[in-house]
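The chain contents come next:
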Amino acid sequence: GLDENAADADVSGALSENTARLTSAVSSLPELLEKKKMLDMHTNVATALLEEIKGRRLDFLFEMEEKIISKSSLDKPLMDILSDPANGTADDKLRLFLMHFISSAEMSDDSLEQYKTVLQDAGADLSPLDYLKRWKTISQLATPTTRRTAGSSTTRAMNMFSKLMTTGSQFVMEGVRNLVIGERHLPVTRIVDALTEMKSSTEVDGYRYFDPKLLRAVNSSSASRSRQPFSEAVVFIVGGGTYIEYQNLTEYARKQPAHKKITYGSTDLPKPSVFLSQLGRLGKASDW
């Protein structure tokens, strides 16, 4: 009698435990299905991105851009890379050549015509190149080649313009460089670091200092400055901003011993294709 009762109790307890487990599994099934749905979605996105990268050979093109910028030798001549149909779209090839054109000190007319022929055969619109040719010419003209004359407003204006063009070139070149290598501070991050940490740097020599605590207006260049580092900054790019700049600033702020709060904004945040089309519209303009 006692053994039978004990056995019945064990069976009843096992049934109750199994029922509880089954009930718990059934109740958690919707949550598990939702997690599987999210996992499948992210897997599909990752797979699609990988296929796009492989199909256009973007990893190879980024590697070539890095070598062009760092003046390293390429795996094969750039002309062969641009002529290979497997190496990206027409816009991908145009962007690669534009990086080469910007980073090259000189390029003969014959070489430029050969590259243009290859790009046109690939279906590229060369209007962006027309703009960058003018941009490069202006930046070279803005570089002072004569001795500076004291008190000359024209010389100061040309120096400011030259500095602006040089900084713009750094933004173009180093933004791409940051895509394919490790940790690096872009120009905007270096400027924020110098301004907030009160560091001396030629990159911030032209910035004005305004202190709302000063009771009377003074020349911003001669005003006594606070020596206390700033923990907050608002960075606004007049023109096109990039996610790379935002990410670089975020990483910089996160790694500071005293946490910084940096807000980033810009007039526009264009995609690479949109930025290329903007350069094309500038290249087609006939009044500048």
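You'll find the structure just up there.
What you see is a predicted model; the values in this text were computed from it and never measured.

A. Focus on the nonpolar core. By size, the foremost hydrophobic cluster in this structure holds 28 residues, and its most contacted members are Leu-82, Leu-96 and Phe-97. At the level of elements, helix H2 (58-69), helix H3 (78-83), helix H4 (90-103), helix H5 (109-121), helix H6 (127-142) and helix H10 (272-284) are the ones that each hand at least two residues to this core. Leu-96 has contacts with Leu-61, Met-64, Glu-65, Ile-68, Leu-78, Ile-81 and Leu-82, leaving out every residue within four places of it along the chain. Val-192, Ala-233, Ile-244 and Tyr-252 belong to the second-largest nonpolar core, a separate cluster that totals 12 residues.

B. The arrangement of the pairing of strand S1 (residues 232-240) in detail. Strand direction decides the pairing type here: S1 and strand S2 (residues 261-268), joined by seven bridges, are parallel. Bridge pairing in S2 places Ala-233 opposite Ile-262. Taken together, S1, helix H9 (residues 243-254) and S2 form a β-α-β motif whose crossover is right-handed.

C. Summary view of the packing of helix H8 (residues 187-196) against H9. Where H8 meets H9, the axes come as close as 9 Å, and the angle between the chain directions of the two elements is 40°. In terms of orientation, H8 and H9 fall into the oblique class. Between H8 and H9 the crossing geometry is right-handed. On H9, the residues touching Val-188, Thr-189, Val-192, Asp-193 and Thr-196 of H8 are Glu-245, Asn-248, Leu-249 and Tyr-252. Each residue belonging to the contact of H8 with H9 can be placed in one class, and the counts come to four nonpolar, three polar and two charged.

D. Layout of the packing of aromatic side chains. According to the stated counting rule, one finds four aromatic pairs in the structure shown. Judged by centre distance (4.9 Å) and plane angle (40°), the rings of Phe-97 and Tyr-115 are tilted. Here Phe-97, found in helix H4, pairs with Tyr-115, found in helix H5; they are 18 residues apart in sequence, far enough to count as distant. By the burial criterion, Phe-97 is buried, and Tyr-115 matches it. Between Tyr-246 and Tyr-264 the ring centres are 6.4 Å apart and the planes differ by 50°, which places this aromatic pair in the tilted class. Taken as a pair, Tyr-246 in helix H9 and Tyr-264 in strand S2 lie far apart in primary sequence, 18 residues in all.

Conventions used here
- Residues numbered from 1 in each chain as written.
- Predicted model: local features only at pLDDT ≥ 70, side-chain atom pairs only at ≥ 80, totals over all residues.
- Heavy atoms only, no water.
- Core = buried A, V, L, I, M, F, W, Y, C linked by side-chain atoms within 4.5 Å.
- Buried < 20%, exposed > 50% of the residue type's maximum accessible area, 1.4 Å probe, protein only.
- Helix = DSSP H or I, 4+ residues; strand = E, 2+ residues; numbered from the N terminus.
- Contact = heavy atoms within 4.5 Å.
- Pairing = 2+ DSSP bridges.
- Right-handed = clockwise from strand over helix to strand, strands pointing away.
- Axes fitted to C-alpha atoms, helices over the stretch in contact; angles between N-to-C directions.
- Parallel < 35°, antiparallel > 145°, perpendicular 65-115°, else oblique.
- Left-handed = near helix turned anticlockwise from the far one by under 90°.
- Nonpolar A, V, L, I, M, F, W, Y, C, P; charged D, E, K, R; others polar.
- Phe/Tyr/Trp six-rings, centres within 6.5 Å; stacked < 30°, edge-to-face > 60°.

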